[in-house]
Every structure is written in structure tokens, then in C-alpha cells.
Amino acid sequence: MATVELKNVSKIYSENVKAVDSISLKIEDKEFLVLVGPSGCGKSTTLRMIAGLESISTGEMFIDEKLVNDIQPKDRDIALVFQNYALYPHMTVFDNIAFGLKLRKIDKNEIQKRVKNVSDILELSDLLNRKPKALSGGQRQRVALGRAIVRNPKVFLFDEPLSNLDAKLRVQMRTEISKLHQRLGVTMIYVTHDQTEAMTMGDRIVVMKDGTIQQVDTPLNLYRKPVNTFVAGFIGTPSMNFIEGKILKNNGLEFNSLDESFIFMLPEKYIEKLENWSNRNIKLGIRPESFSYESKNDNSVKIKIKISVFEPMGNESFLYFNLGGKEIVSRVPGIIEQKVGNEIDLFINSDNLYYFDELTGNTIYVK
Amino acid sequence: MKKITLHIFLIIAGLLTLAPFIWMVSASLMNDGHASVYPPRFFPDEVTFIQFERLFSRLSVSRNLLNSLIVSFLVTFISLIFNSMAGYAFAKYRFAGRDKLFSLLLSSMIIPAQVTMLPLFLMLKSFGFINTYLAIIIPGMANIFGIFLIKQYAMSIPDSIIESARMDGASDFQIYWKIILPLCTPILVTLAIFTFMGTWNDFLWPLIALTDSSMYTLPVALANLMGEHTKDPELMMAGSVITIIPIIIVFLALQKYYIKGIMMGSVKE
């Protein structure tokens, strides 16, 4: 059993700088959990506290239900894969992988066996005698992985391991790590700033900001039911569009953008939930995917827009335009070729809209 | 045309620089009196090793050579260990007062060595170490220049490598021995050359600290020789050759590390 639990864990640096502010989290056995958030949100610090490389200022940390606050990294039975691989430059690939085993005085034959096993899994068998400087970025990352795997740890930790790789290699390694997780069946905690990595790899995702947890949920739940504007804007690419405005009572409920250029009637089923929010400042959230060339249903809102930027991606295109005083991005099928300056009709599926409290950023209502 | 002029100029400059050394080696191979002949001869008429024989048999220069070797190797080896430990600690460990302590050490480099020689002499005398190898070794066990060099170099080792070793289960000493030292090889070799040469060539301190001629290191013995045998330039040249040759060998053998060490500085990876 390899669960990890944090209870009110904080990391406080001198002068009251709180890198991590009282977070509580339980990671299940065999789970692939992703910590995601912008730079400086505290995700790496949290990971390093789990690893034991940073001391815990307040709170308790449990690995396998044992309190580990004061236990050395080497005794926590975990392995960490670093962003810059952290391979030992003066040792061969074999020695790099075997280093931890040699320190634990494991039998030479056993070391040979384990290293060979790992290098077969990661396709490193031909590279065992090379030094890190003679390896490509992807190969180095695999050696770093091998070094972690060979120790048979209870928990794998990853600190943005793919950030230094080019885009194509990143996609390849993503699937390799996911496959590795399925194969080894070990708890993995993965830190990244890339929401695509988070969405594609995680069983659950922890979205962090300013040292606190914003939301913990499965990828799809985060996408469909974000709890605030931060999570809503962070998950999904291109990000959700926000338009400030008010809900007014006008034979039902009507949304008015602040500059009053964008007005539409809310579907009836929302009236009950949103009545109490009338005349208060709210933020309307529209995902780029909610725009289309055709009306999808009775609740579709028709808008006239002028294209300011056109980005053809092949199977889909991104159209940028002004709506309600904001620059909006929409995602539409790529079949129609557009030009900057074109004035066209678009439809918004108002069944898929999000409403946020302007003051707190919290979600008021979502489907 | 320019290239040829440049080459000729460089060859001439090179020869001029080498001339005194060539003369020194030549003279050491000459018989008595042949060096002061007029017109002066650059190369010996007949090569003889009699000067060297005299040095080793009659004047026990072999003992002085041994002293120099022992002292230089020991000081180099011991100071490398202490300097590298201190340099690594200053570079990678966080402890209270670290930066202030380092600044204090650096600022002490302003003090000229001659100022410290009297207090040092009195201190070693009270321990009874004067006229022993320890008189040379103890002051040389660590030095700020070495600590500084290693600290600057060690700072360029990525923290993640050290953290990775920690996670792999290495103790602090194991990290020092298996990771830091191998990675610091260029600067360690550079420092070894500096220290060896400095200790080998040191004249003033051994002159003060060593009182028996049997304990003298080569530079002191050579000066002694000069005092007693001013009329034997061939003998003195032979003494000089013995003093210089080991250093030249060490330097030539390790110079590629030396150059690399100076150039690498804090740029790594």
C-alpha cells in the first residue's frame, strides 16, 4: 500500500513568505496524481516536501500511513525524476542507474540483473556504456526514469520531467510514462505547468494557485465543473473566454455585457438558479468549443462578429473577435476558410455557459 | 608575408626565453671552469655528469631532494582534501554565518605572508615542530585561495545532482567522495599544480622554519650552495637543474588540466 497524505502542510520561508499554505490532500494507492498550476503556485515545493528535500514548516505528511516529517529522503522509499534529469556526468548510463543500488550494497549479480531489466523496458540496452553527454535529451530522460524505476520505490515523483524536451518528444514521452504507470502499478505524483500533460496523464488533477489548492478532481470534472474562474480558465485550451456583465430581470433573465453590446436571454431552466444574482456583477464564461457556424438547438444565441485574427489549424480553426468588449477566441471546424475583417454569424450554445461571481471568482452555476 | 614575419619573431622570442635554461642545463654538464671560459661556450665540449655526482655524493643533495618531494606531496595532498571539503561546504551547504565567515576568510588574504611568519614561528616552536616536516606541512594544510577556487567551481555543480544522490541514499561524505570530487577534477588538478609548485619553490618559510642542513628543502639547499661555492658556477647550475626539473615534469604532464581548469571557471553543462 502506498498512499500519501498531507494534513495542513505549509512551507513558510522567512519574512512570512508562504510558498505552500496549509494544504490537505490524500493520494490513493496506485493513483497517478498531477499537481498543476502556474509558476510559483507551490506545486514543486509540495513535491519536494513529499520527497524530503524541503523541510515541512507546519502540518503532517504521511507515506503509507507512517508519519515521515522527520525521515530522510533515502528512507522514505520514494524516487524523484528531475526536470533537468540530474544524471551524474562522470558516470556511464549503467553506473548512473546502479548508483543507488551500489550504495545499498546490493549483490553485484543482482545489480546486473536489475539494471538489465530496467534498460530493456526503457530501450537503453545499447547505451549502457555511454556517458550522459553522449546522449540525446530523450535518452537522458529515460536514464533518469531508469534510475528511479530500478529502486522499486513505493511512490514515484516527477518534477516537470518533460519541460526540457521538444514538443514531439514530449508527446511521445507522455505516453511512455502513462504506459509505465499501467505496467508498474505504482503510485505516481507528477508536477507540471502544462495543462495538456495534466489532462492526458492524471487520474486526478490538483489545480494549485498561490500555495493553495483550488480544486482536486478528475480531468473531465475539472473541465465540466470548475469551481472558480481560475480553474475554468486554466483547464482547456484555448482557455475559456470571460465577459463581465449583469443579469437583469426582463421577462425572464437577460444577460447584459457591461458595455451592453452583447445581450441575450438565458434559457428558462437557469431562471430558478440565477434569479438571486440579478443586478449583481457576474462573469460569463464561454468555452471556445461552444461557438459554431450553425444553430445547435433552441437555446442557441446568434451573434454577428468581425474576425480580427484567423488561425487555421487544419481540422479546426480559431477565430478571434470582439464580443461584449472583450477579445474572444472561438474554435470552429476548419473546413471554411476565413479572412481577417470578415463579418459573419456565429452561434453560441447557451446550454454550455458558465456563470461566475465577479467578486469571489467562484462558480455560481454550471450545467 | 605577415605570417612568416610573425613566426620568425615568435621563434626568436622563444629562443631568447629558453636561452638561460639551455645555458643552465649546458653548464651543469660541463667540467669545472669550462663555464667561465672566454670566449663563452654555449654547449659543453664534452658532456660530463661529474657535477651531479658531486651534489649527490659529497653534498647530500639527495637528502634535500627527498625533503622537497615529501613535503610538497604531503602538503598538496592534505591541502587538497581540506580545501575541497571546505570549498564544497561553502558552496553547497547552508549554515548560519556562512557568508560572513567566507568574507572574513577572503579579507584575510590581504595580510602579507611575511607578517604572519613571526607569530607562526613562535607558535610552532612552542609545539616543538620547528626543524621538522610538520613546520612546513601544518601552515600548508589549508589555504584560502584553494578554498575560494574550489568553492567557485563547486557552485556550478547543479543542486539537482546532489539532491539526486541524496535520494539515491548517499551520505554527505559519499556525496563528497563519489560525486563532488570527481566532478571537480579540473580545478583539483589546477590547485594541485599551484600548491605543488608553490610548496616546492617556497624559500623564505623553509629557511626560517628549518635549521639543520639535512632538513633543508632544495631551494634553501641551493642558496646554501651558492653561498659556499660561488666559484663553481657549473656546480650551482647542476643544483638549479635538480631544483627545476621535477616541477617542469609535473607541469608538462598536467598542463592540459591546468588550462582547462582556468578556462572552465563557473560555466558548466
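Residues numbered from 1 in each chain as written. Chains lettered and ligands numbered in written order. Predicted model: local features only at pLDDT ≥ 70, side-chain atom pairs only at ≥ 80, totals over all residues.

S.K.: With reference to specific residues and values, describe the domain arrangement of chain A.
M.R.: Residues and elements named next belong to chain A. For chain A, the assigned domains are domain 1 (4-234) and domain 2 (245-365). A separation of 39 Å is found between the C-alpha centroids of domain 1 and domain 2. Contact residues are listed per partner, giving 6 residues for domain 1 and 7 residues for domain 2. A breakdown of the residues in the side of domain 1 that touches domain 2 according to their chemical character gives 4 nonpolar, 2 polar and no charged. (Domains from an automatic or database assignment. Contact = placed C-beta atoms within 7 Å. Nonpolar A, V, L, I, M, F, W, Y, C, P; charged D, E, K, R; others polar.)

S.K.: Give me the nonpolar core: which residues, what numbers.
M.R.: The biggest cluster of nonpolar side chains holds 126 residues, and the ones touching the most others in it are Leu157, Ile189 and Val206 of chain A. Looking at this core element by element, the count peaks at 7 residues for helix H10 (residues 185-201) of chain B. Leave out the neighbours within four places in its chain, and valine 206 of chain A touches Leu25, Leu33, Val34, Leu35, Val36, Ile213 and Val216 of chain A. If you look at the next biggest cluster of nonpolar residues, it comprises 26 residues, including Ala27, Val75, Ile136 and Met215 of chain B. (Core = buried A, V, L, I, M, F, W, Y, C linked by C-beta atoms within 7 Å. Buried ≥ 20, exposed ≤ 12 C-beta atoms within 10 Å, placed from the backbone. Helix = DSSP H or I, 4+ residues; strand = E, 2+ residues; numbered from the N terminus.)

S.K.: Give me the lowdown on the sheet that holds strand S6 (residues 78-81) of chain A, citing residues and values where you can.
M.R.: Residue and element names in this part refer to chain A. Spatial ordering of the open sheet is given by S6-S7-S8-S3-S9-S10, a layout of 6 strands whose pairing is mixed. Strands at the two margins of the open sheet, each flanked by one partner only, are S6 and strand S10 (212-217). For this sheet the average axis-to-axis angle between neighbouring strands, irrespective of direction, equals 15°. Pairing geometry for strand S9 (residues 204-209) and S10, over 5 bridges, is antiparallel. Of the residues in S10, the one forming a bridge with valine 207 is glutamine 215. (Pairing = 2+ DSSP bridges. Axes fitted to C-alpha atoms, helices over the stretch in contact; angles between N-to-C directions.)

S.K.: Tell me about the interface of chain A and chain B, and name the residues and values.
M.R.: On the side of chain B, 14 residues touch chain A, which itself brings 16 residues to the contact. Of all the elements in the fold, those that place two or more residues in the side of chain A that touches chain B are S6 and helix H2 (93-103) of chain A. Here the side of chain A that touches chain B gets 3 residues from one element, more than from any other, and that element is H2 of chain A. Looking at side-chain class alone, the side of chain A that touches chain B contains 11 nonpolar, 3 polar and 2 charged residues.

S.K.: Go over the sheet that holds strand S2 (residues 17-27) of chain A with me, naming the residues and quoting the values.
M.R.: Residue and element names in this part refer to chain A. Overall, antiparallel pairing links the 4 strands, which are arranged S2-S1-S4-S5 in an open sheet. Where the open sheet ends on each side, the last strands, each with one partner, are S2 and strand S5 (66-67). For strand S4 (residues 58-63) and S5, the ladder comprises 2 bridges, and the chain directions are antiparallel. Of the residues in S5, the one forming a bridge with phenylalanine 62 is leucine 67.

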